[in-house]
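A closer look at the structure
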Amino acid sequence: MPDSQSQPSPWPPHSSGSSGQPDAAPLLLCGARLTDGRTVDVRVGGGRIEAVGTAGSLTPGPARTSAARVDLGGYLLLPAPAEPHAHGDTTLSAEHPGPVSYAPEDVQRRATEAALLQLGHGATAVRAHVRVGDVQGLGALGAVLQARRSLRGLAELTTVAMPRLLTGVAGADGLAMLRDALKMGASVVGGCPDLDPDPTGYVEAVLEVASEHGCPVDLHTDAADPARLSRLAAMAGGLRSGVTVGPCAGLARLPGEAAARLAEQLAAAGVAVVCLPQGGCGAADRRGTAPVRLLRAAGVRVAAGSGALRDVANPVGRGDPLEAAYLLASAHGLRPEDAYDAVSGSARAVLGLPEVRVEAGFPAELLAVRGDRLSGALSLAYSRVVVHRGRVVARTSAVREYCNSAAAAELGLPRQGRGELS
């Protein structure tokens, strides 16, 4: 049912708002519906779920006199999404004429604004890919790391260092820059081997640096060359910290048997795939979505990201994980539960984050969406309440109003809004 103006505000009255510091007070989420159909109260404390009980059954807890209460009647409560594929340096740059500005103050502002936009959609963790070397040096990375610090307590922002070249004489500078980026605070080694004259050498260099520093790897590749992807899978299998590739749209253009063999190799090597159902992050001729059903059937962990967010590659990107899940269900045939897992459980696993369930003992990383079942939430996810580290950090409220009509009265349809529309 569309949202009503008469719904109570789900915002704790004493929340610390935009300070970025977690509120120490316990939190009671009241009357939320779970995907299994139960209506429950959820008690949160210390950044974790302390208890889940039938609606009206929970109190603030032992030795506590009060708790902030959030009325989630009419909301579906879910594990929060995570964004595994953002671009911290170029995000929100399409609206400004001329070349993208890599001035640190511009990058920091855009990266912060984008992370808050994605937080409002429900993503309490974001992995941002940032180019290092070339014109921008390490300035863009420093700016995104500063954005990360300013967002502490609101969202988790991690960075992937992406040098352009890593092989040959020209690649020596990129390799040095990559190591400097990790010293600065980048936590993931990445890049685009497709752009290097020696893609296999590029992957070898990335894996070597990642092994030295104990870092995970996240590589951009279209995956249109079967032999190249097969070599990548063979090399990546031994890296304990984990390897992710994406967006791999080229896999969907390969013959079915070839794509299936590659999917089996990726699964055997433990390589995860991040697809971008909302659009690619490069040239238009590389757009498309990886064959998610084929990959999942082979045992590959598949997560979904948003990709370009209003930059030159996609000037209308939304950065909404629920839209990515909606597209996986509507255009790629995944069940709503599997589609949502791609932006929540699997996305969190790709980012190396702990699992979240709406059960006692799990992290309080939660998203409440207006609706009573997951399929409806993916279709009409207008109003949302976001919980990070046990604190309500974002809320979006939507109101839909209609003027009076005879049809509505005759059919007994719900009216939304308080006043008359002119």
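Given the structure is predicted, the values throughout are model-derived calculations rather than measurements. (Residues numbered from 1 in each chain as written. Predicted model: local features only at pLDDT ≥ 70, side-chain atom pairs only at ≥ 80, totals over all residues. Heavy atoms only, no water.)

For the rest of this paragraph, the subject is helix α1 (residues 104-121). For α1, with 18 residues, the first-to-last C-alpha span of 26 Å sits near the 26 Å given by 1.5 Å per residue. If you check which residues of α1 are buried, you get V107, R110, A111, T112, A114, A115, Q118, L119, G120 and H121. Two residues or fewer past α1, G122 is found with a positive phi of approximately 125 degrees. (Helix = DSSP H or I, 4+ residues; strand = E, 2+ residues; numbered from the N terminus. Expected span 1.5 Å × (residues − 1). Buried < 20%, exposed > 50% of the residue type's maximum accessible area, 1.4 Å probe, protein only.)

Taken in spatial order, the eight strands line up as β6-β7-β8-β9-β10-β11-β12-β13 in an open sheet, and their pairing is parallel. The open sheet is flanked by β6 (83-87) and β13 (302-304), the only strands paired with a single partner. Ignoring which end each strand starts from, the neighbouring axes of this sheet average 30 degrees apart. (Pairing = 2+ DSSP bridges. Axes fitted to C-alpha atoms, helices over the stretch in contact; angles between N-to-C directions.)

What follows deals with helix α8 (residues 321-332). For α8, spanning 12 residues, the distance from its first C-alpha to its last is 16 Å, which sits close to the expected 16 Å at 1.5 Å a residue. Restricting attention to buried positions, one finds in α8 the residues P321, L322, E323, A324, A325 and L328. With a side-chain oxygen lying 2.9 Å from the backbone nitrogen of L322, the N-terminal cap of α8 falls on D320. One or two residues past the end of α8 sits G333, with phi positive at roughly 75 degrees. (Polar contact = N/O pair within 3.5 Å; in protein donor to acceptor, adjacent residues only side chain to side chain.)

A few words on the side chain of H87. Looking at the secondary structure, you find H87 in strand β6. Here H85 takes part through its side chain, which lies 3.3 Å from a polar atom of the side chain of H87. Not counting residues up to four positions away in its chain, the partners in contact with H87 are H129, H220, C281, G307 and A308. (Contact = heavy atoms within 4.5 Å.)

Turning our eyes to something else, we now look at the side chain of T90. Within the fold, T90 resides in the loop between β6 and α1. At a separation of 3.2 Å, a polar atom in the side chain of T90 contacts the side chain of D311. Residue contacts for T90: discarding those within four places in its chain leaves V100, Y102, R110, R131 and D311.

The next subject is the pairing of β6. Burial analysis of β6 places five of its five residues in the buried class, the great majority of the element. The pairing of β6 with strand β7 (residues 125-132) spans three bridges and is classified as parallel. From the neighbouring strand, H87 faces β7, where its bridge partner is H129. With α1 bridging β6 and the parallel β7, this β-α-β connection has right-handed handedness. (Right-handed = clockwise from strand over helix to strand, strands pointing away.)

The next subject is the environment of A339. Within the secondary structure layout, A339 lies in helix α9 (residues 336-343). C-alpha of A339 to C-alpha of A324: the two residues are 15 residues apart in sequence and 8.1 Å apart in space. Not counting residues up to four positions away in its chain, the partners in contact with A339 are A325, L328, A329 and L334.

Inspection of every chain in the model, using the stated rule, returns 17 salt bridges. Between E355 and R357 there is a salt bridge, with its nearest N and O atoms 2.8 Å apart. Judged by relative accessible area, which is 46%, E355 ranks as partly exposed. Of the charged contacts, one joins R373 and D372 as a salt bridge, the two residues approaching to 3.4 Å between their closest N and O atoms. Judged by its relative accessible area of 40%, D372 is partly exposed. Within this structure, R296, R335, E337 and D338 form a network of salt bridges that share partners. (Salt bridge = Lys/Arg side-chain N within 4 Å of Asp/Glu carboxyl O.)

For the protein chain, per-residue confidence averages 89 on the pLDDT scale, and residues scoring 70 or more make up 88% of the total. Note that pLDDT drops below 50 for residues 1-11; the model gives that stretch 32 contacts with residues more than four away or on any other chain. (pLDDT = per-residue confidence, 0-100.)

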